[in-house]
Amino acid sequence: MLEVLNQINDVLWGTPSLILLFGTGLFLTVMLRGLQFRKLLYAFKLAFTKEEKTDTTESAEGDISNFKTLMTALSATIGNGNIAGVATALTLGGPGAIFWMWIVGLLGMATKYAEALLAMKYRVKNENGEYSGGPMYYVEKGLGSKWKWLAVAFALFGAFAALGIGNSVQSNTIADVMDESFHINGWITGTVLVLFTALIIFGGIQRISTVAGFFVPVMAFLYIGGALLIITMNYNAIIPAFEMIFTYAFQPVSAVGGFAGVVVMEAVRSGVSRGIFSNEAGLGTAALIAGNAKTDHPVKQALVAMTGTFIVTIIVCTMTGLVLLMTGFWDPSGGDISGVQHASGLDGGALTSAAFGHALGTVGEYIVAFSVIFFGFSTIVGWYMYGEKCFEYLAGLKYIVPYRLVYVGATFMGAVMQLDLVWAFANMANALMMIPNLIALLLLYKVIVRETDSFFNDYLMKPHHSSRKAS
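Residues numbered from 1 in each chain as written. Predicted model: local features only at pLDDT ≥ 70, side-chain atom pairs only at ≥ 80, totals over all residues. Heavy atoms only, no water.

A. Focus on the overall build of the protein chain. Within the protein chain, the regular secondary structure consists of 21 helices and two strands. Buried positions account for 59% of the 471 residues belonging to the protein chain. For the protein chain, the exposed surface amounts to about 18300 Å²; the carbon and sulfur share of it is 65%. (Helix = DSSP H or I, 4+ residues; strand = E, 2+ residues; numbered from the N terminus. Buried < 20%, exposed > 50% of the residue type's maximum accessible area, 1.4 Å probe, protein only. Areas by Shrake-Rupley, 256 points an atom, 1.4 Å probe, with all protein chains shown as cover.)

B. Highlighting the pattern of salt bridges. Scanning the entire structure with this criterion turns up five salt bridges. The shortest N-O distance in the salt bridge between Arg33 and Asp453 comes to 3.3 Å. Note that Arg33 is positioned in the loop between helix 2 (15-31) and helix 3 (35-38) and Asp453 in helix 21 (residues 445-457), a separation of 420 residues in sequence. (Salt bridge = Lys/Arg side-chain N within 4 Å of Asp/Glu carboxyl O.)

C. Quick look at helix 13 (residues 238-247). When helix 13 is considered as a whole, its buried residues turn out to be Ala241, Met244 and Ile245. For helix 13, the arc enclosing every buried residue in end-on projection is 100 degrees, short of the 170-degree limit, so these residues lie on one face. Taken together, the buried residues of helix 13 touch helix 8 (96-121) and helix 16 (298-327). (Arc of directions from axis to C-beta. Contact = heavy atoms within 4.5 Å.)

D. Quick look at a nonpolar patch on the surface. Residues Trp187, Ile188, Val192, Leu195, Phe196, Leu199, Met413, Val416 and Met417 make up a contiguous nonpolar surface patch of about 860 Å² in total accessible area. Sorting the residues of the nonpolar patch by element identifies helix 11 (186-201) and helix 19 (400-416) as the ones contributing at least two each. Counting residues per element, the nonpolar patch draws most heavily on helix 11, which supplies six residues. Tracing the backbone shows Trp187 in helix 11. (Patch = residues over 30% accessible without salt bridge, like charges linked within 9 Å, V, L, I, M, F, W, Y side chains within 5 Å.)

E. Representation of the packing of helix 11 against helix 19 in the model. Interhelical geometry of helix 11 versus helix 19 gives an angle of 155 degrees and a closest axis separation of 8 Å. One way to sum up the angle between helix 11 and helix 19 is to call them roughly antiparallel. The interaxial crossing formed by helix 11 with helix 19 has right-handed handedness. Each of Gly186, Trp187, Gly190, Thr191, Leu193, Val194, Thr197, Ala198 and Ile201 in helix 11 lies in contact with helix 19, whose residues at this interface are Arg404, Tyr407, Val408, Thr411, Phe412, Ala415 and Val416. Broken down by class, the residue content of the contact of helix 11 with helix 19 amounts to 10 nonpolar, five polar and one charged. (Axes fitted to C-alpha atoms, helices over the stretch in contact; angles between N-to-C directions. Parallel < 35°, antiparallel > 145°, perpendicular 65-115°, else oblique. Left-handed = near helix turned anticlockwise from the far one by under 90°. Nonpolar A, V, L, I, M, F, W, Y, C, P; charged D, E, K, R; others polar.)

F. Up close: the side chain of Asn9. Mapped onto the elements of the fold, Asn9 is located in helix 1 (residues 2-12). You can call Asn9 buried: its relative accessible area is 8%. Not counting the four nearest positions on each side in its chain, Asn9 is found in contact with Gly14, Ala424, Asn427 and Met428.

G. Structural detail: the nonpolar core. Within the largest apolar cluster, 152 residues are counted, with the highest numbers of intra-cluster contacts made by Ile78, Tyr113, Leu118, Met136, Tyr138, Leu303 and Tyr407. Counting residues per element, this core draws most heavily on helix 16, which supplies 17 residues. Residue contacts for Ile78: discarding those within four places in its chain leaves Val216, Met219, Ile311, Val312, Val316, Phe375, Ser378 and Thr379. (Core = buried A, V, L, I, M, F, W, Y, C linked by side-chain atoms within 4.5 Å.)

H. Just helix 18 (residues 362-395), in detail. For helix 18, which comprises 34 residues, the first-to-last C-alpha distance of 49 Å matches the rise-based estimate of 50 Å (1.5 Å per residue) to within 8%. By the criterion of burial, helix 18 is predominantly enclosed, with 25 of the 34 residues buried. A positive backbone phi angle near 85 degrees is found at Gly396, which sits one or two residues after helix 18. (Expected span 1.5 Å × (residues − 1).)

I. Fine view of the confidence of the model for the protein chain. For the protein chain, mean pLDDT is 84; residues scoring 70 or higher make up 88% of the total. In the predicted structure, residues 335-343 sits below a pLDDT of 50 and forms 27 contacts with residues beyond four places in sequence or in another chain. (pLDDT = per-residue confidence, 0-100.)

J. A look at the packing of aromatic side chains. Considering all chains together, one arrives at 22 aromatic pairs under this definition. A ring pair is formed by Trp100 and Phe250, whose centres lie 5.8 Å apart and whose planes are at 65 degrees; its orientation type is edge-to-face. Of the two residues, Trp100 sits in helix 8 while Phe250 sits in the loop between helix 13 and helix 14 (264-279), which places them 150 residues apart along the sequence. Given the relative accessible area of 53%, Phe250 is considered exposed. Clustering of aromatic rings is evident, with ring pairs tying together Phe99, Trp100, Trp102, Phe242, Phe246 and Phe250. The ring of Tyr122 has Lys121 lying over it, and the distance from NZ or CZ to the ring centre is 5.8 Å. Here the guanidinium or amino end of Arg123 rests over the ring plane of Tyr131, the centre of that ring lying 3.9 Å away. (Phe/Tyr/Trp six-rings, centres within 6.5 Å; stacked < 30°, edge-to-face > 60°. Lys NZ or Arg CZ within 6 Å of the ring centre and 35° of its normal.)

K. Layout of unusual backbone geometry. One non-glycine residue, His183, lies in the positive phi region at around 55 degrees. Within the fold, His183 resides in the loop between helix 10 (148-182) and helix 11. The backbone of Glu280 shows a phi angle near 65 degrees, a positive value even though the residue is not glycine.

L. Examining the side chain of Ser209 more closely. Among the structural elements, Ser209 can be located in helix 12 (residues 204-233). A relative accessible area of 0% places Ser209 in the buried class. Leave out the neighbours within four places in its chain, and Ser209 touches Ile64, Lys68 and Thr72.

M. Inspection of the environment of Leu360 at higher detail. Position of Leu360 among the secondary structure elements: in helix 17 (residues 348-360). Sequence-wise, Leu360 and Met233 are 127 residues apart; in three dimensions their C-alpha atoms are separated by 9.7 Å. Apart from the residues within four sequence positions on either side, Leu360 is in contact with Gly226, Leu229, Ile230, Met233 and Ile367.

N. Just the environment of Ala302, in detail. Tracing the backbone through its elements, the reader meets Ala302 in helix 16. Distance from Ala302 to Ala114, taken between C-alpha atoms, is 6.8 Å for residues 188 residues apart in sequence.

O. Representation of the environment of Lys294 in the model. You can see Lys294 is positioned in the loop between helix 15 (285-290) and helix 16. By relative accessible area, which is 46% here, Lys294 ends up partly exposed. As for Lys294 and Ile64, which are separated by 230 residues in sequence, their C-alpha atoms are 5.5 Å apart.

Given below as structure tokens:
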């Protein structure tokens, strides 16, 4: 079964899918005239400042604020892909992979913007009076009932993916760290995770968003703070690190130390694929929570949503990449830029932990250990919302409690099992979520452009908005 799933994934995550994903981001960037660059400062203002009260903002409908919506999405997105994924990209593709990770992140901002906009435009109210949105709704309502099969396919694979890569894979990673760093048995870790997960997800979206609003800034401060400390301590290596990124984005890396050397295409492939896993732009996941935002115009939440991709890829992943380059840990048996030699023979999260430990000693290793724990747990909680929205579309609200119980059970099973099969299935489910979502974005691009133009040309020109027109 594992071999079959791996073969399927080789096809699903092959070059055609990466071209579709990369191409969709590029197409939307062109159609929106580089909106993610022109309106980035305005988007951050919407996300992190309290909006001025007007007649329209007072009448805004939704369940949670723009900020909490962003934090809930980030809780699911900022995860171990930012720690382990970047390390893997570097060891496979060399320093140039970071450049291509930036490119896919910047283009992915347009994709994430489009997902959130459509989620808001086509959202519906459920039986509890809460909003539900996501690719399944904009596929069915935007493209018509004849496309409902595509919407059902997205929701089905989304509900399963949440149990895998969003849950049991994360609890397994946490259990490994707890065992390696603190010698705590997996079943104990699993039991604690079950209790906390159940406490939060049975409180519904309000409790989940409140926890995310507290959790995400704390864990980001811990990890980014540690990375910035290392970068500051090695400030003389900053320019050489960036030179390596830009140089090897366009020319092959020769074999050096324990690094086997790579061609440019491998740097592109590694950067693009790991960038996708780190920011999830194109998978449609952010759209599943964007529909709950309390706002008076879809474009506002779409702008807020795209800042998440910038935070994840341009900030968090860059911090990891710089630490690995400046300490030399991208080369498994090489030395840092200043010439200090080391030998790691590690990969993934263990490599990032070793780099932090090399720079900060035991404190650095603990920073990564706690970051893995916090990132993993926040992903479990955030991805639950994705799974619930997908399952609600398939089966309605009356079966949500059984789904919650299954989700909690998957948390425990992940902590005590080997998960090669779950990883493989989750990767397949992610790809099968991505494809229908990207098809919908491409077919609905005129709606995206029309809503965007309406916001900037009409909405912001109303008298009560003229004093705060977007720059």
